[in-house]
Structure formats: C-alpha cells, structure tokens
2 protein chains.
Amino acid sequence: MSSSASGSSTSTALLTDHYELTMLASALRDGTAERECVFEVFARRLPAGRRYGVVAGTQRILDAIADFRFTDAELAQLEQTAVVDSATLDWLADYRFTGDIDGYPEGELYFPGSPVLTVRGTFAESVLLETLVLSILNYDSAVASAAARMSAAANGRPIIEMGGRRAHEYAAVAAARAAYLAGFATTSNLEAGRRYGIPTRGTVAHAFILLHDTEEAAFRAQIEKMGTDTTLLVDTYDITRGIETAVRVAGPELGAIRIDSGDLGVLARQAREQLDALGAKDTRIVVSGDLDEHAIAALRAEPVDAYGVGTSVVTGSGAPTAGMVYKLVEVNGRPVAKRSEHKASRGGRKAALRRHKPTGTALEEIVYPVNNPPEPEEHDKQLQIPLMRAGQPVDDLPTLEDARQRLRHGLVSLPWEGLKLSSGDPAIPTTFL
Amino acid sequence: MSSSASGSSTSTALLTDHYELTMLASALRDGTAERECVFEVFARRLPAGRRYGVVAGTQRILDAIADFRFTDAELAQLEQTAVVDSATLDWLADYRFTGDIDGYPEGELYFPGSPVLTVRGTFAESVLLETLVLSILNYDSAVASAAARMSAAANGRPIIEMGGRRAHEYAAVAAARAAYLAGFATTSNLEAGRRYGIPTRGTVAHAFILLHDTEEAAFRAQIEKMGTDTTLLVDTYDITRGIETAVRVAGPELGAIRIDSGDLGVLARQAREQLDALGAKDTRIVVSGDLDEHAIAALRAEPVDAYGVGTSVVTGSGAPTAGMVYKLVEVNGRPVAKRSEHKASRGGRKAALRRHKPTGTALEEIVYPVNNPPEPEEHDKQLQIPLMRAGQPVDDLPTLEDARQRLRHGLVSLPWEGLKLSSGDPAIPTTFL
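Residues numbered from 1 in each chain as written. Chains lettered and ligands numbered in written order. Predicted model: local features only at pLDDT ≥ 70, side-chain atom pairs only at ≥ 80, totals over all residues. Heavy atoms only, no water.

If you look chain A up in an unreviewed UniProt entry, it shows as Nicotinate phosphoribosyltransferase from Saccharomonospora viridis. UniProt, in its Pathway (unreviewed entry) section for chain A, records the words "Cofactor biosynthesis; NAD(+) biosynthesis; nicotinate D-ribonucleotide from nicotinate: step 1/1." Under the UniProt heading Catalytic activity (unreviewed entry), the note attached to chain A is "5-phospho-alpha-D-ribose 1-diphosphate + nicotinate + ATP + H2O = nicotinate beta-D-ribonucleotide + ADP + phosphate + diphosphate". (UniProt positions renumbered as here; feature names shortened; annotations may be inferred.)

**Points about the relation of the copies chain B and chain A**
Both copies of the chain are related by one operation, a rotation about an axis with a shift along it. Least-squares fitting of chain B to chain A yields an RMSD of 0.0 Å, with the transformation described by 0.0 Å of translation along the axis and a rotation of 180°. Put plainly, the chains are arranged around a two-fold axis. Interface residue correspondence from chain B to chain A reaches 100%, placing this contact among same-surface, isologous pairings. (Least-squares fit on C-alpha atoms with pLDDT ≥ 70 in both. Contact = heavy atoms within 4.5 Å.)

**Overview of the pairing of strand S14 (residues 350–356) of chain A**
Within a regular beta strand, the side chains point alternately toward one face of the sheet and then the other, so they alternate between its two faces. All names here are of chain A. Of all the seven residues making up S14, seven are buried; the element is thus mostly covered by neighbouring parts of the structure. Residues Lys 350, Ala 352, Arg 354 and His 356 of S14 are buried on one face, and the alternating residues Ala 351, Leu 353 and Arg 355, pointing to the opposite face, are buried as well. Relative to strand S15 (residues 362–369), S14 runs antiparallel, the two sharing seven bridges. What sits directly across from His 356, in S15, is Ala 362. If you look at the hairpin formed by S14 and S15, you'll find five residues sitting between the two strands, and Gly 360 has a positive phi there, around 100°. Looking at chain direction, S14 and strand S16 (residues 381–382) are connected through two bridges and run antiparallel. Pairing of Leu 353 across the sheet is with Gln 382, part of S16. (Buried < 20%, exposed > 50% of the residue type's maximum accessible area, 1.4 Å probe, protein only. Helix = DSSP H or I, 4+ residues; strand = E, 2+ residues; numbered from the N terminus. Pairing = 2+ DSSP bridges.)

**Some details on the packing of aromatic side chains**
Scanning all chains against the criterion turns up 13 aromatic pairs over all chains. A ring pair is formed by Phe39(A) and Phe123(A), whose centres lie 6.2 Å apart and whose planes are at 35°; its orientation type is tilted. Placement of the pair is Phe39(A) in strand S1 (residues 36–43) and Phe123(A) in helix H6 (residues 123–127), with a sequence separation of 84 residues. The same class applies to Phe39(A) as to Phe123(A), namely buried. Seen from their ring centres, Phe70(B) and Tyr95(B) are 6.2 Å apart, and the 80° between their planes marks the pair as edge-to-face. Of this pair, Phe70(B) sits in the loop between helix H3 (58–66) and helix H4 (72–80) while Tyr95(B) sits in the loop between helix H5 (86–93) and strand S3 (100–103); the two residues are 25 residues apart in sequence, bridging distant segments of the chain. For the pair Phe70(B) and Tyr95(B), a shared accessibility class is recorded, and that class is buried. Aromatic rings pair up to connect Phe68(A), Phe70(A), Trp91(A) and Tyr95(A) into one cluster. (Phe/Tyr/Trp six-rings, centres within 6.5 Å; stacked < 30°, edge-to-face > 60°.)

Next up, the structure:
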C-alpha cells in the first residue's frame, strides 16, 4: 500500500491508457502490429493568447521509456483485470522500445504544428508510449512555457520556484525542473534538488514566527542558526515594526527580508526606504504571494531584488496543459491522416526548420515532408535532433543547462512582439510545405 | 537515473520545501521544536464562482506519511547540499510522525474556512508534513471538485475519465482516483486500476483505424478480438459512412459507437437516427472531445449514453489547485494567528459542524473552537473524524466507495442553488464562532 502511494513501482508501463493495450491486442491478432509507423507529437494551437511555447520534458521521457517494462507485477495486474489475452501478455513480457525518436531539444521554442517529437517503430512498440510521452511533455511544457514568460518579465531578477504545495506531489518535482529550465534561479523543492541537481533555497514560513513568543525571538533563533545573511520574514504582524526588529537583531548586514502579503509594490518601496534609513542598504527585498507574470512585470520599477513564485507557475498560469497530441502520420511509408472535417491533421513524417533574418530574428517555422526539404537559406536552423536510436538514448544529449541557454537564445531571436505578455498571435507563423 | 525518473524512491520525505527543514534546524537549536502545535488546513476561498468544494486525497496523505522517513539516501542528499546541520540530520534519522490527525472524510463537501484537516504534534514533527499534505489535498480536491460538477451535469449518465495524457504522469493516477471518488464511472488509467481498484475501460484511438488499409478492416479486427459489444470509433473519415460500416460489420448488436469531434449534440442526434434506422436500437453513443461540465450539461437533452472527459477534469476545469493552506493555529495550548492586515487567519484549534433544516437541507457551516461548541441542534452533523492517532491510521477508515456515497448524499443536501453550474457564492455560508 505505502509503496503504491508514493509512486514507487519501478515500472512506468501502467502509466498509460487502457486502450493502448486493447489496440495492441487487436493489432497483434490481425498482423498489423508489426507495420512500421511514424507518430508525431505536436500542439494544434498555443494556449489562448500565448505567443510561443517552450519544449520541456524530453529527457524525462527518455528516462521513463527506459523503465517502460512489463514485469511480473504489471502482467499479473493485466491478467487479473482481463485487459488483454494471454498472447498479448506474452508479447508484453518481452517488450522494450527498439525504435527511433527525434525531437525538438528541451528549451526550444515551439509553435502550432511544430513536430516537437517524432517516434518511429512498429505500431505495437510505438503506440504503447502515447500516454506516457504526452503526460510528460504536456505538463512540463505547460510549466516551462509559463515560467519563460515570468523569467522574461523579471528581466534578470532571480525567481525562486516555490509552488510544490499547489501541485500533485510528483508533478511538483517536474515543475521545479521545468521552471529552472525556463530561467528560474532556484527551487524550494528538495526532491528536485536530488533528482536534477537544481539549487534549492528556503528559510522560514509564518509558522516559525508564530511558534515563538515574539517576532524578535524568532528572528534571533533564525540568525543564530543561519547567520545574518539569511532572509527574515517581516510581515507576520506589522511590516514596519518587523523590519525595524529585523535590522535591530541582525544588524545592517542582514541578507534579505521577505514580504508575502499586501500591495507588494507599495510595501517594497516603503521597505527600501526604511532599510536604507536604518543603514541596511545592501539588504535585499524578496517578495512573494500570488505572483504571476503580470504581477512580476508590474513590479519592474519597484525596488524588488527577487521573486518567489508558486501557484501560477506550477499550474501553467492559466494553461495547465500544453495540449499536445500524439498522432499516427505514416504507416509502412504511406502518409495517413484523420479526414473528418473537424480535426484535420497532416499525414507523413515531417521535419522543421526555423528561418531567420540575417539579423538573427526569427521569421517563420517551416514544417516540411522529411524527404522534401525546402531550398536551404543561410540563416535556417534545423529544429529536430536525434534523441533515441534503436531504443537507446543517443550520446551527448543536451543537459538541463544547455536547455536554459537554448531558451535564452531562442527568446532573443523572437520578433519583439513575441515577448509581449498581452494576448496575441504566435510570434512567428508556421508554414506547412 | 531511471529510478528517479519514475518516482521510485520509496521515501516521500524530500517531497517537501527546503524551508521546512531550515525551520526545523533553527527550532531544534533554540528548543521550540518540541512545543505542542496544532496546524489547520483550510481554503480561504473557493475557486472563483464555485459553490462548493469536495475533499479528496486524505487516504493518500495517510499512505504518504507512512513513507515519510529519512533513509540514508535522503540524509546523504541533505548532508551533501548542506541543507541542515549534523544535529538535525541525527534527529531526522529517527523521524516518524507520532501525532494525531483529524479531518473531513473524503467525499465531504467543504466551504471557505472549513477545517479540512487538523494536525497535532510537536512543531518539529508537524511542520515537516506541510508541503506533502498540501500537494496531495490541493490537487486531489481540485480534481474532485471539478469532477463532482461534471457528474452532476451528466445526471446519471456514466462518465469515463480519460485525461491522463493532459496531466503529469503520476498526477494522472491521482486524478483518476479523485474523479472516481466524485462519481465518474471508470477511468482509462491502468495504474489507477492497479493502485485503487478503479474499473478501467478503453477500446481504440484513431491511430488504430489509420493503421489499417480501410476503416472496415479496422472495425473487423477490433470486433474479432473484442466481440460485438465493443465501442467503434466512427469519426476518423466520414461519420455517416463510419456508422453504416460499423453496423454492417458488427450487426445491430454493436455495443456502442464513439464520436470524438465536431458538434457533438448534432452528431449524436444524427447518429441515433441512423443507428435506429439500421436496427441498432440498443447501440449506445459515447461522446468525447474537450468536454467540461458546461458541455456535458448542454448535451443533456441529446441521445448521449456516456461521456469521455479528459483535459478539463485533470486540470480542475479552470481551477487546477484547491488553494488550501496549512497554518499554525495553536502553540502549547495558546491560539496564534498572523496579524498583518492582508491575510488574517483565525487562531486556536477548531472543529466544524454542518447545520441542516429538518428536511435535511444544509443551512450553514459552523466553525468553532474545539473546546467551546455551540448548543447542539437536532440536524447537526459533525464534520471531522479521527484519521490518525499517535502516528498510526485509525481502524476502519472510510473506503473509496464510502467517499463516493458520502459525496452523493452531500450534494443532495445542498440548497438547490448550490448545484447550479453558473458562477455564484458558496452554497451555504460559513459561520465562525
């Protein structure tokens, strides 16, 4: 019981939809399971008003595929619940993905129709990955896309991700990673520190102040333990008195104060004046409390040194999923596409490049049949890279730091309208050849 | 690497915020760590326009607390990253929660200020659980609250949860549980089937149709494997021809068709007429595709037999977190509360009852100091139950089926305005004594 509660099965194979397995069973029976297929992951559109999306989760997908194996425990479950027949169980017992995957590297921008990931293999081995691949890409990209807007709004000031409590306990870990990928400086999430090496930060909550008989006693306790270069939380009772007490206890060497409530712009200005008057000119001001990209931008002119962001980033700031889909586009070399009028999709394996002006500004996303590329131009950038070959991750995959750098470069390349926080169209058009 | 990617650490202890541990370190040093504390979990408000919330996640919290242990792996990580000192590491090595927890049972309704969970123990042992408790309650309750509105809108017609691909891969499992708790009939998520015994369902995606040379070949393959009591997906090419082919291949005994795109109301009516004309009078119609509670309600008059719901339920249908907080309200028997003007909170350990009319209709949520209850009235219902004593779950905790039943009863007890899908005030007021 407790192992299941904490998500501790080492197999990821049941993190999928029932129908992936019933499709497999039917396809094994009629022989279509071994047809060579191409599946493409893309977003039909960006979340309403967004001007770009940010790819995140690719490395987590590669890790999760390595664990996508049907051990005795998974097979027993499928047998007991009669999801599939015994022939399918036998096939699953030997399953491992042996195909190829290409995709946009993490930190790359994407737009409507961008082929963010391309999975090639037999129908059987590829269809099984649909749900897991989408879960990871859709959540991580939703968080990274929101976080990138916040990072841009913060304009170089550091942001700490502290939203784990407002997301599923494991989603919180992925969110910390995606936010860091998109330019956040640190996270409060310790598991994200362990898994991904992201720097973690934290000092105290209001509970710590309330635990003590006085605010001063709490400040003294914190400073004795953590030194004067810590962040004192000054808004439990009265902020002006809190700051006065903080500087009296810590001295003008106090590292930072944090304000977590109220009109943060007004309070930051008052706090800066008060700190300066008390000689604490180098004491930083950290603000938090329901911040999103718009609130961060609104504080740009205020004397704020760092932001703490929670709810809005882990929930994608109004767009909690990237809405990507995993579509079959080719069978045995033949393009296929759903043809009902309402959800048209384009058949055939595709690649993509981004065309730029000589100045480096992005002009358009060109999505083309992989065997029929457009005439190359000087400032084209190919967007997909190899990620997996014959079921094994390729060597020298980009790191999390690479992804951070890639995104910084990508954002600089957008036309200036593309960085506006207001609602609008995608920053560049997508052209389908 | 692969183990961390799949969330397979058996300890939940690092699914927390850095500051929980730095608070602990400071409090251990100054002796306040052993003060007896009461922490209360509540939502300051419901998501905008919502009329009630649904508690979910409590059982997952109890399971996660059992795994909240600092093994050598967690201690090594904390030591390497210098999060805490060696005295704190020693204390953590022996940590297990030994306190008491009371709370609203799963499936209970909640309103602004309802004391959904009360954690009692020393500061040290209780503060460490803050982040994990909130992550679980906030996500699971967000999903259950949205799902309950959808269940009410479906008015007895079954809903299958199929949104796993639009949520983090482990959040998807919790979402399936929360949706089932709130009245959904089944889920597509196989891991939710394994962990929680929820019935799983699924047939095929469009990829299965496209894999085959013709729609007819795909239908034949599916029926050979799964029998005629299956659900054929008829909207890959032309829906009218798809239905014609489906009945030709399966006969009038065909179990169901599914339509996943287009104007579902119009298409369902046309499909019903066509099926009836073909003699397939008992063939059910399943619809899916971006459904939320409003779209479900709009289909109430149409010949729809079941709904598939994805994105909207796993993302809380516009409210992806319940926004609950974990606040210190009592220290050594003394009420405490943050007093800055902007986020007032009420001190002291509290309990809650729901007052009803003799007809059974709920009148108000009364939140009162636990030692000073109001005069009892005949139709009062106490809302908190014991969940954990001395760190052990109590016997005979409510089951998932109990939670489903509790919610059904709870919704019936609301004033009729409380069940409206439109935006409004909480269905009943909260009175603080």
